[in-house]
Amino acid sequence: MIPAEFDYHAPTTLDEAVRLLAEAGDDAKVLAGGQSLIPVLRLRLAAPETVIDLGRVEELRGVRVEGDTLVLGAMTPHHDVATHPLVRQHARVLSAAAATVADPQVRHRGTVGGALAHADPAGDMPAPVLALGGELVVVGPGGRRTVPAADFFEDFFTTALGEDELLAEIRIPSHDGWGGHYEKFTRVAQQWSIVAAAATVRSEGGTIAEARVALTNMGLVPIRAHAVEQAMVGRPAEESAVAAAVARVADGTSPPTDANGDADYRRHLAAVLARRAVLAAAG
Ligand SMILES: Cc1cc2nc3c(=O)[nH]c(=O)nc-3n(C[C@H](O)[C@H](O)[C@H](O)COP(=O)(O)OP(=O)(O)OC[C@H]3O[C@@H](n4cnc5c(N)ncnc54)[C@H](O)[C@@H]3O)c2cc1C
(Lines give C-alpha, C1' and ligand atoms only; values in the text may rest on other atoms or scores of the structure.)
Protein backbone atom coordinates (compact mmCIF):
# COMPACT_ATOMS: atom_id res chain seq x y z
CA MET A 1 0.00 0.00 0.00
CA ILE A 2 0.98 3.63 -0.41
CA PRO A 3 1.34 5.64 2.82
CA ALA A 4 -1.08 8.47 3.58
CA GLU A 5 0.23 11.92 2.65
CA PHE A 6 2.58 13.67 5.06
CA ASP A 7 4.83 16.73 5.20
CA TYR A 8 8.47 15.73 4.85
CA HIS A 9 11.43 17.49 6.46
CA ALA A 10 15.10 16.56 6.18
CA PRO A 11 17.05 18.62 8.74
CA THR A 12 20.86 18.65 8.67
CA THR A 13 21.49 19.38 12.37
CA LEU A 14 20.21 17.91 15.60
CA ASP A 15 19.00 21.33 16.80
CA GLU A 16 16.96 21.76 13.62
CA ALA A 17 15.49 18.27 14.00
CA VAL A 18 14.46 18.96 17.61
CA ARG A 19 12.89 22.29 16.61
CA LEU A 20 10.94 20.72 13.73
CA LEU A 21 9.70 17.93 16.00
CA ALA A 22 8.52 20.43 18.62
CA GLU A 23 6.78 22.55 15.97
CA ALA A 24 5.04 19.54 14.44
CA GLY A 25 3.38 18.62 17.76
CA ASP A 26 2.25 15.10 18.59
CA ASP A 27 1.34 14.11 15.03
CA ALA A 28 4.93 13.75 13.83
CA LYS A 29 7.19 10.74 13.35
CA VAL A 30 10.95 10.60 13.17
CA LEU A 31 12.40 8.54 10.32
CA ALA A 32 15.74 6.77 10.84
CA GLY A 33 16.52 3.75 8.64
CA GLY A 34 12.83 3.27 7.87
CA GLN A 35 13.06 -0.52 8.23
CA SER A 36 10.25 -0.58 10.77
CA LEU A 37 8.55 2.78 10.20
CA ILE A 38 8.09 2.54 6.41
CA PRO A 39 6.17 -0.77 6.60
CA VAL A 40 4.02 0.73 9.38
CA LEU A 41 3.24 3.75 7.16
CA ARG A 42 2.58 1.61 4.12
CA LEU A 43 0.16 -0.58 6.07
CA ARG A 44 -1.40 2.65 7.38
CA LEU A 45 -0.98 1.45 10.95
CA ALA A 46 0.27 5.02 11.47
CA ALA A 47 -0.53 8.11 9.42
CA PRO A 48 1.54 10.99 10.82
CA GLU A 49 1.03 14.48 9.36
CA THR A 50 4.77 15.14 9.47
CA VAL A 51 7.81 12.93 8.96
CA ILE A 52 11.22 14.20 10.06
CA ASP A 53 14.01 12.30 8.33
CA LEU A 54 17.25 12.13 10.37
CA GLY A 55 19.24 10.70 7.45
CA ARG A 56 21.16 13.94 6.79
CA VAL A 57 22.03 14.71 10.41
CA GLU A 58 25.70 13.69 10.28
CA GLU A 59 26.32 14.45 13.97
CA LEU A 60 23.99 11.54 14.87
CA ARG A 61 26.15 9.01 13.03
CA GLY A 62 29.37 7.27 14.02
CA VAL A 63 31.31 5.48 16.73
CA ARG A 64 33.89 7.01 19.09
CA VAL A 65 35.46 6.47 22.50
CA GLU A 66 35.36 9.16 25.19
CA GLY A 67 37.53 8.11 28.13
CA ASP A 68 36.06 4.84 29.38
CA THR A 69 32.85 5.17 27.37
CA LEU A 70 31.96 3.89 23.92
CA VAL A 71 29.61 6.35 22.20
CA LEU A 72 27.36 5.37 19.29
CA GLY A 73 25.39 7.95 17.35
CA ALA A 74 21.74 6.93 17.14
CA MET A 75 21.87 6.92 13.32
CA THR A 76 24.76 4.45 13.17
CA PRO A 77 23.62 1.55 10.96
CA HIS A 78 23.57 -2.01 12.29
CA HIS A 79 26.29 -2.93 9.78
CA ASP A 80 28.71 -0.43 11.34
CA VAL A 81 27.84 -1.60 14.86
CA ALA A 82 28.53 -5.19 13.77
CA THR A 83 31.87 -4.45 12.10
CA HIS A 84 33.42 -1.39 13.77
CA PRO A 85 36.68 -2.32 15.58
CA LEU A 86 35.86 -0.02 18.54
CA VAL A 87 32.51 -1.73 19.12
CA ARG A 88 34.20 -5.12 18.94
CA GLN A 89 36.83 -3.99 21.45
CA HIS A 90 34.61 -2.22 23.99
CA ALA A 91 31.20 -3.88 23.59
CA ARG A 92 31.70 -7.21 21.87
CA VAL A 93 28.22 -8.54 22.71
CA LEU A 94 26.65 -5.56 20.95
CA SER A 95 28.58 -6.11 17.73
CA ALA A 96 27.70 -9.82 17.91
CA ALA A 97 24.00 -8.97 18.28
CA ALA A 98 24.02 -6.42 15.44
CA ALA A 99 25.48 -9.07 13.14
CA THR A 100 22.37 -11.23 13.70
CA VAL A 101 19.84 -8.54 12.68
CA ALA A 102 17.99 -9.52 9.50
CA ASP A 103 20.07 -9.47 6.29
CA PRO A 104 22.84 -7.21 4.94
CA GLN A 105 20.34 -4.91 3.21
CA VAL A 106 18.42 -4.24 6.44
CA ARG A 107 21.67 -3.92 8.41
CA HIS A 108 22.90 -1.20 6.05
CA ARG A 109 19.68 0.84 6.38
CA GLY A 110 18.43 0.09 9.91
CA THR A 111 20.04 1.99 12.78
CA VAL A 112 20.90 1.20 16.38
CA GLY A 113 18.91 4.22 17.58
CA GLY A 114 15.89 3.28 15.49
CA ALA A 115 15.92 -0.24 16.86
CA LEU A 116 16.13 0.99 20.48
CA ALA A 117 13.44 3.66 20.00
CA HIS A 118 11.19 1.12 18.28
CA ALA A 119 11.55 -1.22 21.33
CA ASP A 120 10.24 -4.37 19.68
CA PRO A 121 10.34 -7.13 22.35
CA ALA A 122 11.90 -9.46 19.75
CA GLY A 123 14.44 -6.84 18.61
CA ASP A 124 18.08 -7.77 19.09
CA MET A 125 19.66 -4.47 20.16
CA PRO A 126 17.97 -3.71 23.51
CA ALA A 127 19.22 -6.74 25.51
CA PRO A 128 22.95 -6.21 24.79
CA VAL A 129 22.67 -2.50 25.61
CA LEU A 130 20.94 -3.45 28.87
CA ALA A 131 23.53 -6.13 29.72
CA LEU A 132 26.34 -3.63 29.14
CA GLY A 133 24.75 -1.06 31.48
CA GLY A 134 24.31 1.42 28.61
CA GLU A 135 22.77 4.87 28.86
CA LEU A 136 20.64 6.61 26.27
CA VAL A 137 21.03 10.30 25.61
CA VAL A 138 17.71 11.89 24.78
CA VAL A 139 17.36 15.42 23.38
CA GLY A 140 14.25 17.61 23.34
CA PRO A 141 13.21 21.25 23.59
CA GLY A 142 14.12 21.18 27.29
CA GLY A 143 17.70 20.06 26.58
CA ARG A 144 19.51 16.75 27.06
CA ARG A 145 18.87 14.02 29.59
CA THR A 146 20.44 10.64 30.10
CA VAL A 147 18.29 7.58 30.71
CA PRO A 148 19.82 4.28 31.90
CA ALA A 149 18.86 1.41 29.60
CA ALA A 150 17.22 -0.24 32.64
CA ASP A 151 14.67 2.62 32.70
CA PHE A 152 14.38 3.28 28.96
CA PHE A 153 12.29 0.26 27.92
CA GLU A 154 8.97 0.79 29.70
CA ASP A 155 6.47 -1.50 27.98
CA PHE A 156 5.50 -3.17 24.70
CA PHE A 157 6.95 -0.88 21.96
CA THR A 158 7.07 1.90 24.59
CA THR A 159 10.12 3.78 25.81
CA ALA A 160 10.94 6.72 28.07
CA LEU A 161 11.19 8.97 24.97
CA GLY A 162 8.75 11.88 25.07
CA GLU A 163 6.82 12.75 21.90
CA ASP A 164 9.01 15.82 21.39
CA GLU A 165 12.28 14.00 22.10
CA LEU A 166 14.90 12.29 19.96
CA LEU A 167 17.35 9.57 20.86
CA ALA A 168 20.73 11.12 20.05
CA GLU A 169 23.36 8.68 21.27
CA ILE A 170 24.01 5.50 23.18
CA ARG A 171 26.79 5.55 25.79
CA ILE A 172 28.27 2.25 26.92
CA PRO A 173 30.83 1.74 29.68
CA SER A 174 33.86 0.13 28.08
CA HIS A 175 33.99 -3.64 28.49
CA ASP A 176 37.46 -3.83 26.99
CA GLY A 177 38.98 -7.17 27.95
CA TRP A 178 35.56 -8.80 28.47
CA GLY A 179 34.29 -11.50 26.14
CA GLY A 180 30.85 -11.11 24.63
CA HIS A 181 28.38 -13.29 22.79
CA TYR A 182 24.76 -13.08 21.58
CA GLU A 183 23.00 -16.44 21.22
CA LYS A 184 19.86 -16.07 19.13
CA PHE A 185 17.31 -18.80 18.46
CA THR A 186 15.31 -18.71 15.24
CA ARG A 187 13.58 -21.37 13.17
CA VAL A 188 14.69 -19.98 9.82
CA ALA A 189 17.57 -17.74 8.78
CA GLN A 190 17.13 -13.96 9.13
CA GLN A 191 14.21 -14.23 11.52
CA TRP A 192 13.49 -12.09 14.57
CA SER A 193 14.53 -13.67 17.88
CA ILE A 194 12.17 -16.31 19.26
CA VAL A 195 14.40 -15.98 22.33
CA ALA A 196 17.98 -14.72 22.61
CA ALA A 197 20.57 -14.29 25.35
CA ALA A 198 23.22 -11.57 25.52
CA ALA A 199 26.25 -12.24 27.72
CA THR A 200 29.40 -10.35 28.50
CA VAL A 201 31.95 -11.99 30.77
CA ARG A 202 35.30 -11.13 32.34
CA SER A 203 37.33 -14.24 33.09
CA GLU A 204 40.47 -14.68 35.16
CA GLY A 205 42.43 -17.87 34.53
CA GLY A 206 39.40 -19.95 33.57
CA THR A 207 37.18 -18.56 36.37
CA ILE A 208 34.30 -16.17 35.83
CA ALA A 209 35.16 -12.91 37.63
CA GLU A 210 32.18 -10.84 36.43
CA ALA A 211 29.23 -11.55 34.15
CA ARG A 212 26.29 -9.62 32.72
CA VAL A 213 23.34 -11.41 31.10
CA ALA A 214 20.14 -10.11 29.48
CA LEU A 215 17.33 -11.83 27.59
CA THR A 216 15.43 -10.92 24.42
CA ASN A 217 11.72 -11.71 23.93
CA MET A 218 11.11 -13.16 27.38
CA GLY A 219 8.62 -10.41 28.22
CA LEU A 220 7.43 -7.04 26.99
CA VAL A 221 10.86 -5.49 27.59
CA PRO A 222 14.40 -6.90 27.66
CA ILE A 223 15.26 -8.55 30.99
CA ARG A 224 18.51 -8.35 32.92
CA ALA A 225 19.30 -11.54 34.86
CA HIS A 226 20.93 -10.06 37.96
CA ALA A 227 20.58 -13.21 40.13
CA VAL A 228 22.25 -15.35 37.48
CA GLU A 229 25.07 -12.83 37.12
CA GLN A 230 25.80 -13.09 40.83
CA ALA A 231 25.54 -16.89 40.82
CA MET A 232 28.19 -17.00 38.10
CA VAL A 233 30.94 -15.16 39.96
CA GLY A 234 33.80 -17.43 41.03
CA ARG A 235 32.56 -20.41 39.03
CA PRO A 236 34.82 -22.18 36.54
CA ALA A 237 33.95 -21.26 32.96
CA GLU A 238 32.91 -24.80 32.12
CA GLU A 239 29.68 -26.41 31.01
CA SER A 240 28.21 -27.97 34.17
CA ALA A 241 29.06 -25.02 36.45
CA VAL A 242 27.56 -22.49 34.03
CA ALA A 243 24.50 -24.69 33.38
CA ALA A 244 23.80 -24.80 37.13
CA ALA A 245 24.21 -21.02 37.46
CA VAL A 246 21.83 -20.20 34.60
CA ALA A 247 19.25 -22.94 35.31
CA ARG A 248 16.77 -20.44 36.78
CA VAL A 249 17.44 -17.59 34.35
CA ALA A 250 13.78 -17.57 33.28
CA ASP A 251 12.39 -17.23 36.82
CA GLY A 252 10.05 -14.26 37.03
CA THR A 253 9.85 -13.74 33.25
CA SER A 254 6.58 -13.61 31.26
CA PRO A 255 7.45 -14.87 27.79
CA PRO A 256 4.80 -14.78 25.05
CA THR A 257 3.05 -17.79 23.57
CA ASP A 258 2.74 -17.65 19.77
CA ALA A 259 3.15 -19.78 16.65
CA ASN A 260 6.91 -20.03 17.30
CA GLY A 261 6.53 -21.59 20.73
CA ASP A 262 4.72 -21.44 24.04
CA ALA A 263 5.92 -19.77 27.22
CA ASP A 264 7.34 -22.99 28.75
CA TYR A 265 9.32 -23.73 25.61
CA ARG A 266 10.75 -20.21 25.72
CA ARG A 267 11.72 -20.65 29.40
CA HIS A 268 13.57 -23.83 28.45
CA LEU A 269 15.26 -22.02 25.55
CA ALA A 270 16.34 -19.13 27.77
CA ALA A 271 18.42 -21.43 30.01
CA VAL A 272 19.98 -23.22 27.04
CA LEU A 273 20.82 -19.98 25.22
CA ALA A 274 22.14 -18.26 28.35
CA ARG A 275 24.47 -21.18 29.03
CA ARG A 276 25.78 -21.11 25.46
CA ALA A 277 26.14 -17.32 25.47
CA VAL A 278 28.07 -17.27 28.78
CA LEU A 279 30.38 -20.12 27.76
CA ALA A 280 31.11 -18.47 24.40
CA ALA A 281 31.65 -15.08 26.07
CA ALA A 282 34.01 -16.69 28.58
CA GLY A 283 36.00 -18.12 25.69
C1 LIG B 1 12.91 -7.80 6.84
C2 LIG B 1 13.30 -7.23 8.16
C3 LIG B 1 13.86 -8.07 9.11
C4 LIG B 1 14.23 -7.57 10.35
N5 LIG B 1 14.80 -8.43 11.25
C6 LIG B 1 15.22 -7.95 12.44
C7 LIG B 1 15.88 -8.80 13.37
O8 LIG B 1 16.13 -9.98 13.13
N9 LIG B 1 16.26 -8.26 14.55
C10 LIG B 1 16.05 -6.94 14.85
O11 LIG B 1 16.44 -6.51 15.94
N12 LIG B 1 15.45 -6.12 13.98
C13 LIG B 1 15.04 -6.58 12.79
N14 LIG B 1 14.46 -5.73 11.89
C15 LIG B 1 14.23 -4.32 12.27
C16 LIG B 1 15.48 -3.50 12.07
O17 LIG B 1 16.38 -3.76 13.11
C18 LIG B 1 15.16 -2.00 12.10
O19 LIG B 1 16.34 -1.40 11.70
C20 LIG B 1 14.78 -1.39 13.42
O21 LIG B 1 13.69 -2.01 14.04
C22 LIG B 1 14.35 0.07 13.26
O23 LIG B 1 15.44 0.83 12.93
P24 LIG B 1 15.33 1.93 11.81
O25 LIG B 1 16.59 2.72 11.88
O26 LIG B 1 14.99 1.30 10.53
O27 LIG B 1 14.15 2.86 12.39
P28 LIG B 1 12.82 3.40 11.70
O29 LIG B 1 12.07 2.29 11.07
O30 LIG B 1 13.12 4.57 10.87
O31 LIG B 1 12.06 3.90 13.01
C32 LIG B 1 11.50 2.99 13.93
C33 LIG B 1 10.79 3.76 15.06
O34 LIG B 1 11.73 4.43 15.89
C35 LIG B 1 11.54 5.84 15.86
N36 LIG B 1 12.88 6.44 15.81
C37 LIG B 1 13.87 6.09 14.96
N38 LIG B 1 15.00 6.77 15.26
C39 LIG B 1 14.72 7.55 16.31
C40 LIG B 1 15.47 8.49 17.09
N41 LIG B 1 16.78 8.71 16.85
N42 LIG B 1 14.85 9.14 18.10
C43 LIG B 1 13.54 8.90 18.36
N44 LIG B 1 12.77 8.03 17.68
C45 LIG B 1 13.35 7.35 16.66
C46 LIG B 1 10.69 6.12 14.61
O47 LIG B 1 9.92 7.29 14.75
C48 LIG B 1 9.85 4.86 14.54
O49 LIG B 1 8.77 4.96 15.44
C50 LIG B 1 14.07 -6.20 10.65
C51 LIG B 1 13.49 -5.34 9.70
C52 LIG B 1 13.12 -5.85 8.47
C53 LIG B 1 12.55 -4.92 7.45
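Residues numbered from 1 in each chain as written. Predicted model: local features only at pLDDT ≥ 70, side-chain atom pairs only at ≥ 80, totals over all residues. Heavy atoms only, no water.

Colleague: Looking at this structure, I do not really get empty space enclosed by the protein. What am I missing?
Modeller: In the structure shown here, the tally under the stated rule is 1 cavity of 30 Å³ or more. Its boundaries defined by the atoms lining it, the largest cavity holds a volume of some 50 Å³. A119, D120, P121, G123, P126, A127, F153, D155, T216, L220, V221 and P222 together form the lining of the largest cavity. Residues of the lining of the largest cavity, tallied by class, amount to 8 nonpolar, 2 polar and 2 charged. (1 Å grid on protein atoms, 1.4 Å probe; cavity = no way out; pocket = protein on both sides within 12 Å on 5 of 7 lines; lining within 4 Å. Points joined across faces, edges and corners; volume = space filled by probe spheres on them. Nonpolar A, V, L, I, M, F, W, Y, C, P; charged D, E, K, R; others polar.)

Colleague: Looking at this structure, how should I read the side chain of N217?
Modeller: You can see N217 is positioned in the loop between strand 13 (207-216) and strand 14 (223-224). A polar contact of 3.1 Å, which involves the side chain of N217, links it to the backbone oxygen of I194. Contacts of N217, omitting those with residues within four sequence positions, involve P121, A122, S193, I194, V195, P255, P256 and R266. (Helix = DSSP H or I, 4+ residues; strand = E, 2+ residues; numbered from the N terminus. Polar contact = N/O pair within 3.5 Å; in protein donor to acceptor, adjacent residues only side chain to side chain. Contact = heavy atoms within 4.5 Å.)

Colleague: What's the story with the nonpolar core in this structure? I'm lost.
Modeller: Within soluble globular proteins, side chains that are nonpolar tend to cluster in buried spots. Residues L94, L116 and F152 are the most contacted members of the largest nonpolar core, which totals 36 residues. For L116, the residues in contact, after removing those within four places along its chain, are M125, P126, V129, L136, F152, F153, T159, L167 and I170. Counting 28 residues, the second largest nonpolar core, distinct from the first, contains M218, V228, V242 and L269. (Core = buried A, V, L, I, M, F, W, Y, C linked by side-chain atoms within 4.5 Å. Buried < 20%, exposed > 50% of the residue type's maximum accessible area, 1.4 Å probe, protein only.)

Colleague: How should I be thinking about the site of the ligand in this particular structure?
Modeller: Taken together, 29 residues are adjacent to the ligand, and V30, S36, L37, T111 and D124 come closest. Between the ligand and K29, the relevant distance is 3.4 Å, taken from an oxygen atom to a side-chain nitrogen or oxygen of the residue. Here an oxygen atom of the ligand sits 2.8 Å away from a polar atom, N or O, in the main chain of A32. Within the complex, 88% of the 960 Å² of free accessible area of the ligand lies under protein. Cavity membership is defined here by more than half of the atoms lying within 2 Å of grid points; on that basis the ligand lies in the largest pocket. Counting residues per element, the ones that place at least two in the shell around the ligand are strand 2 (28-31), helix 7 (112-118) and strand 10 (166-173). (Near = heavy atom within 4 Å. Areas by Shrake-Rupley, 256 points an atom, 1.4 Å probe, with all protein chains shown as cover. Sits in = over half its atoms within 2 Å of the grid points.)

Colleague: Sorry if this is basic, but what is going on with the sheet that holds strand 5 (residues 69-73) here?
Modeller: Two orientations exist for strands paired in a sheet by backbone hydrogen bonds: parallel and antiparallel. Read from one edge of the open sheet, 5 strands run 4-5-10-6-7, paired in antiparallel fashion. Every interior strand has two partners, whereas the edge strands, strand 4 (63-66) and strand 7 (143-148), have only one. For this sheet, the mean angle separating the axes of adjacent strands, direction not counted, is 25 degrees. Where strand 5 meets strand 10, 5 bridges bridge the pair, whose relative direction is antiparallel. (Pairing = 2+ DSSP bridges. Axes fitted to C-alpha atoms, helices over the stretch in contact; angles between N-to-C directions.)

Colleague: Is there a simple way to explain the sheet that holds strand 1 (residues 7-9) in this structure?
Modeller: Sheet architecture is open: 3 strands sit in the order 1-3-2, paired in parallel fashion. The open sheet has two free edges, formed respectively by strand 1 and strand 2, since each of these has just one partner strand. Looking at each pair of strands side by side, their axes are set apart by 20 degrees on average, direction ignored. Sheet contacts for helix 1 (residues 14-24): strand 1, strand 2 and strand 3 (50-53); angle to strand 3, the most-contacted strand, approximately 170 degrees.

Colleague: How should unusual backbone geometry be read in this particular structure?
Modeller: Trans is the common state for peptide bonds, and a negative phi is the common state for residues other than glycine. One non-glycine residue, A119, lies in the positive phi region at around 55 degrees. Looking at the element boundaries, A119 is found in the loop between helix 7 and helix 8 (126-131). We classify A119 as buried; its relative accessible area is 5%. Even without glycine at this site, Q190 takes up a positive phi of about 60 degrees. On the secondary structure map, Q190 appears in the loop between strand 11 (179-185) and strand 12 (195-204).

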